[in-house]
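Read off the chains here:
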Amino acid sequence: MRLSHSLIPTLKETPAEAQIASHRLMLRAGLVRQTSAGIYAWLPLGYRVLRKIERIVREEQDAAGAQECLMPTIQPAELWRESGRYDDYGKEMLRITDRHSRELLYGPTNEEMITDLMRQSVKSYRELPQILYHIQWKFRDEVRPRFGVMRGREFLMKDAYSFDLDYAGAVVSYRKMMLAYMRTFQRMGLKAIPMEAESGPIGGDLSHEFIILAPTGESQVYFDAAFEEIDYLSSGAGGFSHESADDLERFFTTMTTHYAATDDKHDPAAWEKVAPTRRREGRGIEVGHIFYFGTKYSKSMGFAVATADGRAVHPEMGSYGIGVSRLVGAVIEASHDEAGIIWPDSIAPFRAAILNLKRGDAACDRISEQLYGALGREALYDDREERAGVKFADADLMGHPWQVVVGPRGAANGTVELKRRAGGERQEVSVESALARLA
Ligand code: ATP
Ligand code: MG
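Model, not experiment: these values are computed from the prediction.

**Points about the overall build of the protein**
Across its full length, the protein carries 15 helices and 23 strands. What you see for the protein is a C-alpha radius of gyration of 24 Å, in line with the 22 Å of a compact globule of 439 residues. Summarising its shape, the C-alpha atoms of the protein cover approximately 80 × 60 × 40 Å along the three principal directions. Burial analysis of the protein (439 residues in total) assigns 54% to the buried set. Restricting to contacts in the protein with at least 6 residues of sequence separation, those with at least 24 account for 70%. Here the protein displays about 19300 Å² of accessible surface, and carbon together with sulfur accounts for 49% of that area. Counting 56 positive and 63 negative side-chain charges, the protein places the centres of these two groups 4 Å from one another.

This is the structure:
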């Protein structure tokens, strides 16, 4: 993309309404703009990040055997009356009436709708287990939308739903999703820790929130460093496979043995037993939540399947959410400095920025175009008529993992400066080796 003809409105000033780093940086780097309270438009740079996060989430859901579908944002009120949640949900639900006076709502979540879709078609035990998911916009009329996309009113969520014949099956689905989550977050460069959460009406220990550390997090958290040392993506010895029940068991035991707790569940006596050098604590941001809730919806909505011996059973269900749009803010909270964002390679909007320091200089223009031609869609070419200082500042602010600086002196000798955003190292290299490095 050529920056001169892009809608990437960077700001020098810090917007007054933004209280936390990620919100400030998302506005300053031109990722998003607020269009109503808690509702954001994703501008090209921000949307590229959102899509890359979405892609990682999708790949890991698919790898865990979940099926992608897409349910609508608008739902009929009747479905929610069946489960009893139409009244329970309260003011967070945006209720709408159409021209025929039918009651609709903008979905805050999809348990009712997916249960309805399943009950229309799935009749036999032979068709279970199944896990379905979609990545779709949600609306929750939060009392206090704040921190930009971290607590918005309209936000993008991945929500998955599992259907099993019995509790043992539901446990396997739960563990598969938990493993998928650890892999998903690791691929984004995040150290997410699963923490036991309030399990609601069903009880049991199958409810976990996934929390990442950041100074502006909403809750205080405590955990054992062990979580940070595990490679969830490894397929070798010690790795975990979704396919193996033994692996899933060993994985779940690991996740639930090491100490991890949010404020409300913190147990100082157990904490004392963790070696002092292994204690990690700080503020945490919730980026995902998984829970098992048994037959709450299948029973209230009359979804049953026939068993082998002719009985009818209500499938056991679980829900699994990831805050896709919240993750954009959460990653920035975890990875930024004074100058701006520092994107992990896997979700950076562009892999590299090409900074042409002297437009009109034949060598600078030629080398910049050559680099841009070779790097293609993964490069942002700063071809603006701007001072070098402005280009450096904007590139640091936008946080591309690499910057290729094309200045007149180097260009005359066929060299460019390659800068790594994360560590700040700079290297004078030939155009060819810059390309080899970034290819
Ligand atoms: P919270 O306690 O933060 O309100 P929740 O328990 O309501 O979260 P879930 O219903 O479990 O959230 O939704 C799944 C995920 O969706 C959350 O883990 C979070 O990452 C994300 N999420 C929830 N509410 C919002 C919001 N208002 N804005 C952005 N993301 C959200
Ligand atoms: Mg909430």
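**Points about the domain arrangement of the protein**
Looking at the protein, the domain boundaries give domain 1 (3-341) and domain 2 (350-438). Using only C-alpha atoms to locate each centre, domain 1 and domain 2 end up separated by 38 Å. Every contact between the two is made by 16 residues of domain 1 and, on the other side, 14 residues of domain 2. Roughly 1400 Å² of surface becomes buried between domain 1 and domain 2 when both sides are summed, with 53% attributable to carbon and sulfur atoms. Taken as a group, L3, R48 and I341 account for 43% of the area that domain 1 buries against domain 2, more than any other trio of residues on that side. The interface formed by domain 1 and domain 2 includes three salt bridges. Its salt-bridge partner being E378, residue K52 comes within 3.0 Å of it at the nearest N-O pair. On the surface where domain 1 and domain 2 come into contact, there are 11 residue pairs in polar contact (both at pLDDT 80 or more). Elements represented by at least two residues in the side of domain 1 that touches domain 2 include exactly helix 1 (21-28), helix 2 (44-63) and strand 18 (340-341). When residues of the side of domain 1 that touches domain 2 are assigned to their parent elements, the largest contribution, four residues, is made by helix 2. Grouping the amino acids of the side of domain 1 that touches domain 2 by side-chain chemistry returns eight nonpolar, three polar and five charged.

**Here we look at helix 12 (residues 362-375)**
With 14 residues, helix 12 extends 20 Å between its outermost C-alpha atoms, agreeing within 8% with the 20 Å of an ideal straight helix rising 1.5 Å per residue. Here helix 12 has its buried residues at A363, C364, I367, S368, L371, Y372 and L375. Buried residues of helix 12, viewed axially, fall in a sector of 155°; they line one side. Turned more than 90 degrees from where helix 12 packs its buried face, A362, R366 and G373 sit exposed. Where the residues of helix 12 are buried, they touch strand 19 (352-356), strand 20 (379-382), strand 21 (402-406), helix 14 (408-412), strand 22 (415-420) and helix 15 (431-438). A side-chain oxygen of the first residue of helix 12 lies 3.1 Å from the backbone nitrogen of A363; this N-cap is D361. Where helix 12 terminates, the next one or two residues include G376, which has phi positive at roughly 60°.

**Focus on the packing of helix 6 (residues 167-187) against helix 8 (residues 245-257)**
Look at helix 6 against helix 8: their axes get within 10 Å of each other, and the N-to-C directions meet at 65°. Our classification of the angle between helix 6 and helix 8 gives roughly perpendicular. Handedness of the crossing formed by helix 6 with helix 8: left-handed. Counting all contacts with helix 6, which are made through V172, Y174, R175, K176, M178, L179 and M182, the residues of helix 8 involved are L248, E249, F251, F252 and M255. Classifying every residue of the contact of helix 6 with helix 8 gives nine nonpolar, no polar and three charged.

**Side note on the layout of surface pockets**
Its volume calculated, the largest pocket comes out at about 1200 Å³. Contributing to the lining of the largest pocket are 48 residues, with R140, E209, E286, H289 and F291 lying nearest its centre. Going through the elements one at a time, helix 4 (85-88), strand 8 (154-164), strand 10 (207-213), strand 13 (279-294), helix 10 (296-300) and strand 16 (316-323) are the ones with two or more residues in the lining of the largest pocket. By residue number, the principal contributor to the lining of the largest pocket is strand 13, which donates nine residues. Of the residues contributing to the lining of the largest pocket, the split by class is 18 nonpolar, 15 polar and 15 charged.

**Thoughts on the environment of I341**
You can see I341 is positioned in strand 18. With 55 residues separating them along the chain, I341 and D396 place their C-alpha atoms 7.0 Å apart. Not counting the four nearest positions on each side in its chain, I341 is found in contact with L25, A29, L31, I332, S335, H336, D396, L397, M398, G399 and R421.

**Section: the pattern of salt bridges**
Throughout the structure, instances matching the rule amount to 36 salt bridges. Among the ionic pairs, D224 bridges to R278, the shortest N-O distance being 3.4 Å. You can see D224 sitting in strand 11 (residues 219-224) and its partner R278 sitting in the loop between helix 9 (268-272) and strand 13, a full 54 residues away along the chain. Residue D345 pairs with R351 through a salt bridge whose shortest N-O separation is 3.5 Å. With relative accessibility at 37%, the residue D345 sits in the partly exposed group. By sharing partners, the salt bridges in this structure join R55, E59, E60, R183 and R187 into a single network.

Rules and cut-offs
Residues numbered from 1 in each chain as written. Chains lettered and ligands numbered in written order. Predicted model: local features only at pLDDT ≥ 70, side-chain atom pairs only at ≥ 80, totals over all residues. Heavy atoms only, no water. Helix = DSSP H or I, 4+ residues; strand = E, 2+ residues; numbered from the N terminus. Rg over C-alpha atoms; globule rule 2.2 N^0.38 Å. Buried < 20%, exposed > 50% of the residue type's maximum accessible area, 1.4 Å probe, protein only. Contact = heavy atoms within 4.5 Å. Areas by Shrake-Rupley, 256 points an atom, 1.4 Å probe, with all protein chains shown as cover. Lys, Arg positive; Asp, Glu negative; His and termini not counted. Charge placed at Lys NZ, Arg CZ, Asp CG, Glu CD. Domains from an automatic or database assignment. Buried area = accessible area lost by both parts, 1.4 Å probe. Salt bridge = Lys/Arg side-chain N within 4 Å of Asp/Glu carboxyl O. Polar contact = N/O pair within 3.5 Å; in protein donor to acceptor, adjacent residues only side chain to side chain. Nonpolar A, V, L, I, M, F, W, Y, C, P; charged D, E, K, R; others polar. Expected span 1.5 Å × (residues − 1). Arc of directions from axis to C-beta. Axes fitted to C-alpha atoms, helices over the stretch in contact; angles between N-to-C directions. Parallel < 35°, antiparallel > 145°, perpendicular 65-115°, else oblique. Left-handed = near helix turned anticlockwise from the far one by under 90°. 1 Å grid on protein atoms, 1.4 Å probe; cavity = no way out; pocket = protein on both sides within 12 Å on 5 of 7 lines; lining within 4 Å. Points joined across faces, edges and corners; volume = space filled by probe spheres on them.

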